[in-house]
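Descriptive analysis of the structure
These are the residues of each chain, in order.
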Amino acid sequence: MKNSSLRFVIALLALVLGTALEELLPKFLAVGFPLLLAAVPVFAVRRPLMLPIVFSLAAGGAEDAISGLPFMTSASFFLLIAALVRWTHLVYPIAFVAYPAYQLWLGLWLIGLKGSVCIRVLLAMPIGIVTFLAMAWAVVALERKAGVDEAG
């Protein structure tokens, strides 16, 4: 029970802070830091099944809301990433290509995006990798500090 409550609070904290920081951090040629997308693979591993599903839907909904995207544009992609990570256990390869793939996903479904899709994909590669590594480090450090999965 303690672990479930702690994981929920950490996921809620990641959702709220990730949404706020995505809105406030600068964007380079319309490519920002994908904090919410970076958190999805982190929460898809080693967690009960409902947490990645609920977190992906909430993070995708928040992304759609702050970006002005149509309903379920991001949430569907976030669910796809969570499912791929959950079923293949290839966290790093999927997480590293998730943001460039998300830029392609947006290019397929939306008309009139700012900037070229090719430029967005090229910029998304390093930004996505650094953001994922930072998010994974932050969540793991927070879980250790909170004592998740500790006996006693």
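The numbering scheme is per chain: residues are counted from 1 as the chain's sequence reads. Per-residue local features of the predicted model are confined to residues with pLDDT of at least 70, and side-chain atom pairs are confined, for both listing and counting, to 80 or more; whole-chain, interface and lining totals are unaffected and use all residues. With hydrogens and water excluded, all non-hydrogen atoms of the structure serve as input to the side-chain values.

**Concerning the overall build of the protein**
Quick note on the threshold: To qualify as a helix, a DSSP run of H or I must reach at least 4 residues; to qualify as a strand, a run of E must reach at least 2; elements of each kind are numbered from the N terminus. Note that the radius of gyration is over C-alpha atoms, with the globule rule given as 2.2 Å times the number of residues to the power 0.38. Working definition: with a 1.4 Å probe on protein chains only, accessible area under 20% of the residue-type maximum means buried, over 50% means exposed, and in between means partly exposed. Contacts between residues were defined by any pair of non-hydrogen atoms, one from each residue, lying within 4.5 Å.
Broken down by element type, the protein carries six helices and zero strands. The secondary structure elements of the protein, listed N-terminal to C-terminal, are α-α-α-α-α-α. The C-alpha atoms of the protein give a radius of gyration of 15 Å, which matches the 15 Å a tight globule of 152 residues would have. Summarising its shape, the C-alpha atoms of the protein cover approximately 55 × 25 × 25 Å along the three principal directions. By residue count, 41% of the 152 residues in the protein fall in the buried class. Contacts spanning at least 24 positions in sequence make up 66% of the contacts within the protein whose residues lie at least 6 apart.

**As for the nonpolar core**
Going by this rule: What is meant by a nonpolar core is a set of buried Ala, Val, Leu, Ile, Met, Phe, Trp, Tyr and Cys residues, joined one to another through side-chain atoms within 4.5 Å.
Of all hydrophobic cores here, the largest spans 39 residues; its most connected members are Leu 37, Phe 43, Phe 55, Phe 78, Ile 81 and Tyr 102. Looking at this core, the elements that each hand over two or more residues are helix H1 (2–24), helix H2 (35–44), helix H3 (50–67), helix H4 (73–88), helix H5 (91–109) and helix H6 (117–146). With nine residues, the top contributor of residues to this core is H2.

**So, unusual backbone geometry**
Positive phi outside glycine occurs at Met 72, with the angle close to 70°. Here Met 72 lies in the loop between H3 and H4. The class of Met 72 is partly exposed, set by a relative accessible area of 30%.

**So, the environment of Ala 58**
Relative to the helices and strands, Ala 58 is located in helix H3. Given a relative accessible area of 32%, Ala 58 falls into the partly exposed group. A sequence separation of 16 residues divides Ala 58 from Ser 74, and the C-alpha atoms of the two residues are 10.0 Å apart.

**Topic: the packing of aromatic side chains**
Selection rule: Ring pairs are drawn from Phe, Tyr and Trp, using the six-membered ring of Trp, whenever the two centres fall within 6.5 Å, and their geometry is named by plane angle: stacked under 30 degrees, edge-to-face over 60, tilted for the rest.
Tallied over the full model, the rule gives ten aromatic pairs. Taking 4.6 Å as the distance between ring centres and 50° as the angle between the ring planes, the aromatic pair formed by Phe 43 and Phe 55 counts as tilted. Taken together, the residues Phe 43 in helix H2 and Phe 55 in helix H3 connect sequence positions twelve residues apart. On the basis of relative accessible area, Phe 43 is assigned to the buried category, the value being 1%. The exposure class of Phe 55 is buried, given its relative accessible area of 4%. A connected cluster of aromatic rings, assembled from ring pairs, spans Phe 77, Phe 78, Tyr 99, Tyr 102, Trp 105 and Trp 109.

**Some remarks on the confidence of the model for the protein**
Detailed reading of predicted coordinates is not advised where the pLDDT is low. This is how the line gets drawn: Confidence scores here are pLDDT values: one per residue, from the predictor, ranging 0 to 100.
Taken residue by residue, the protein gives an average pLDDT of 90. The fraction at 70 or more is 97%. Taken element by element, the protein is modelled with least confidence in H1, mean pLDDT 91, and with most confidence in H4, mean pLDDT 96.

**Regarding the packing of H1 against H6**
Angle between the axes and distance between the axes: these two values describe a pair of packed helices. Counted only if it meets this: Angular values range over 0 to 180 degrees, each being the angle between N-to-C directions of two axes fitted as lines to C-alpha atoms, with helices fitted over their stretch in contact. Working definition: roughly parallel below 35 degrees, roughly antiparallel above 145 degrees, roughly perpendicular at 65 to 115 degrees, and oblique for all remaining angles. Each crossing gets its handedness from the near helix: less than a right angle anticlockwise from the far helix is left-handed, clockwise is right-handed. Residue classes follow a fixed rule: Ala, Val, Leu, Ile, Met, Phe, Trp, Tyr, Cys and Pro count as nonpolar, while Asp, Glu, Lys and Arg count as charged, and any other residue, Gly among them, counts as polar.
It is at 11 Å that the axes of H1 and H6 come closest, and there the two elements cross at 140°. The orientation of H1 relative to H6 falls into the category oblique. The crossing of H1 and H6 is right-handed. Contacts between H1 and H6 involve Lys 2, Leu 6, Arg 7, Ile 10 and Leu 13 from the former and Val 139, Leu 142, Glu 143 and Ala 146 from the latter. For the contact of H1 with H6, the residue count by class is six nonpolar, no polar and three charged.

**Structural notes on the packing of H2 against H3**
Running from N to C, H2 and H3 point in directions that differ by 175°, and their axes come no closer than 9 Å. For the element pair H2 / H3, the angle class is roughly antiparallel. Contact residues: Leu 36, Ala 39, Val 40, Phe 43 and Ala 44 in H2; Leu 51, Pro 52, Phe 55, Ser 56, Ala 59, Ala 62 and Glu 63 in H3. Grouping the constituent residues of the contact of H2 with H3 by class yields ten nonpolar, one polar and one charged.

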